[in-house]
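Structural overview for review
Next come the chains, spelled out residue by residue.
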Amino acid sequence: ISRDVKLKKVIRYATPQDVEKNAALTDLENKAQQMASNKIKEHELKMKIVAVEYLFDESRALVYYKVPENDKNKNFRELARDISTTLGLRIDMQQVSPRDEARIMGGLGPCGRSLCCSVWLEKPRHVKVRMVKDQGLAISPTKTAGICGRLMCCLEYEHEKKG
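Only a predicted model underlies this, so the values are computations on that prediction, with no experimental measurement involved.

Parameters at a glance
Residues numbered from 1 in each chain as written. Predicted model: local features only at pLDDT ≥ 70, side-chain atom pairs only at ≥ 80, totals over all residues. Heavy atoms only, no water. Helix = DSSP H or I, 4+ residues; strand = E, 2+ residues; numbered from the N terminus. Rg over C-alpha atoms; globule rule 2.2 N^0.38 Å. Buried < 20%, exposed > 50% of the residue type's maximum accessible area, 1.4 Å probe, protein only. Contact = heavy atoms within 4.5 Å. Areas by Shrake-Rupley, 256 points an atom, 1.4 Å probe, with all protein chains shown as cover. Lys, Arg positive; Asp, Glu negative; His and termini not counted. Charge placed at Lys NZ, Arg CZ, Asp CG, Glu CD. Arc of directions from axis to C-beta. Core = buried A, V, L, I, M, F, W, Y, C linked by side-chain atoms within 4.5 Å. Salt bridge = Lys/Arg side-chain N within 4 Å of Asp/Glu carboxyl O. Phe/Tyr/Trp six-rings, centres within 6.5 Å; stacked < 30°, edge-to-face > 60°. Lys NZ or Arg CZ within 6 Å of the ring centre and 35° of its normal.

As a further point, take the overall build of the chain. Helix and strand counts for the chain come out as 7 helices and 3 strands. Mapped from its N terminus to its C terminus, the chain presents α and β elements in the order α-β-β-α-β-α-α-α-α-α. Taken over the C-alpha trace, the chain has a radius of gyration of 19 Å; the compact-globule value for 163 residues is 15 Å, which it surpasses by more than 25%. Dimensions of the chain, computed from C-alpha atoms along their principal axes, come out at roughly 55 × 45 × 30 Å. Looking at the 163 residues of the chain, the share that counts as buried comes to 29%. Residue pairs at least 24 apart in sequence account for 57% of intrachain contacts in the chain once pairs closer than 6 positions are excluded. Here the chain has roughly 11700 Å² of accessible surface; of this, 51% comes from carbon and sulfur atoms. Charge-centre separation for the chain: the mean point of 30 positive side chains lies 6 Å from the mean point of 22 negative side chains.

Structural data, given as structure tokens:
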């Protein structure tokens, strides 16, 4: 089985100052996420902030959000400007899928282990209903769906390759 583990390049070891700054960034991210959620209420939008991620140099922040299916084409420029002005830095808004939300939030899968997508699986493979049927499993949302509501990624790894 080949795994999609892709390690990032290490530039240098983290110094004690880097570790402190990382902890401070986590606090900033939590405060920014709360502030962004409040801005959504002010703008009366139907969306959810999944996470806010600051770059290490604090020059920019990434805001990950999720919207209902019927609001996908709405323009969120005013919200982005408002959040950017309040934080005092450039932000990038990025819409996430249900699988991405599960990866960002983390959690435990039905097997009792941490979610593959949040620990080691960089890019989930496409899982098809045929893979579930070939394994003799009944297609049941409670047994074959992951936390994200989609077919579990591990079903692809247990599916025998033909060819």
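Because an α-helix packs 3.6 residues into every turn, residues spaced three or four apart end up facing the same way. Every buried residue of helix α2 (residues 77-87) is listed here: Leu79, Ala80 and Ile83. Buried residues along α2 cover an arc of 100° about the axis, so they all sit on one side. Facing away from the buried side of α2 by over 90 degrees, the exposed positions are Arg77, Glu78 and Thr85. Residues of α2 that are buried sit in contact with α1 (16-43) and β3 (90-95). Remark: Gly88 follows α2 within two positions and exhibits a positive phi of approximately 75°.

All right, on to the nonpolar core then. Formed by 19 residues in total, the largest nonpolar core has its most connected members in Met47, Ile49, Val52, Tyr54 and Ile91. For this core, the element with the highest residue contribution is α1, accounting for 5 residues. Look past the residues within four positions of Tyr54 in its chain and what remains in contact with it is Leu25, Leu28, Glu29, Ala32, Arg60, Ala61, Leu87 and Leu89. Among the nonpolar cores identified, the runner-up in size contains 6 residues, and Val132, Leu151, Met152 and Leu155 belong to it.

What follows concerns the side chain of Glu29. Considering the arrangement of structural elements, one finds Glu29 in helix α1. For the buried Glu29, which has no salt bridge, the nearest side chain bearing the opposite charge is Lys21, at an N-O separation of 11 Å. When sequence neighbours within four positions are dropped, the list of residues in contact with Glu29 reads Val52, Glu53 and Tyr54.

Before going further, it helps to spend a moment on the packing of aromatic side chains. Applying the stated criterion across every chain yields a total of 1 aromatic pair. Ring plane angle 70° and centroid distance 5.4 Å describe the contact between Tyr65 and Phe76, whose orientation is recorded as edge-to-face. In this pair, Tyr65 sits in strand β2 (residues 60-66) while Phe76 sits in the loop between β2 and α2, placing the two residues 11 residues apart along the sequence. Since its relative accessible area comes to 9%, Tyr65 is described here as buried. Across the ring face of Phe56, the terminal group of Lys21 is positioned such that the distance to the ring centre comes to 4.9 Å.

A separate point is the environment of Leu108. Within the element layout of this structure, Leu108 appears in the loop between α3 (98-105) and α4 (116-119). Given a relative accessible area of 56%, Leu108 falls into the exposed group. A sequence separation of 42 residues divides Leu108 from Arg150, and the C-alpha atoms of the two residues are 15 Å apart. Every residue in contact with Leu108, bar those within four places of it in the chain, is listed here: Arg113, Ser114, Leu115 and Ile147.

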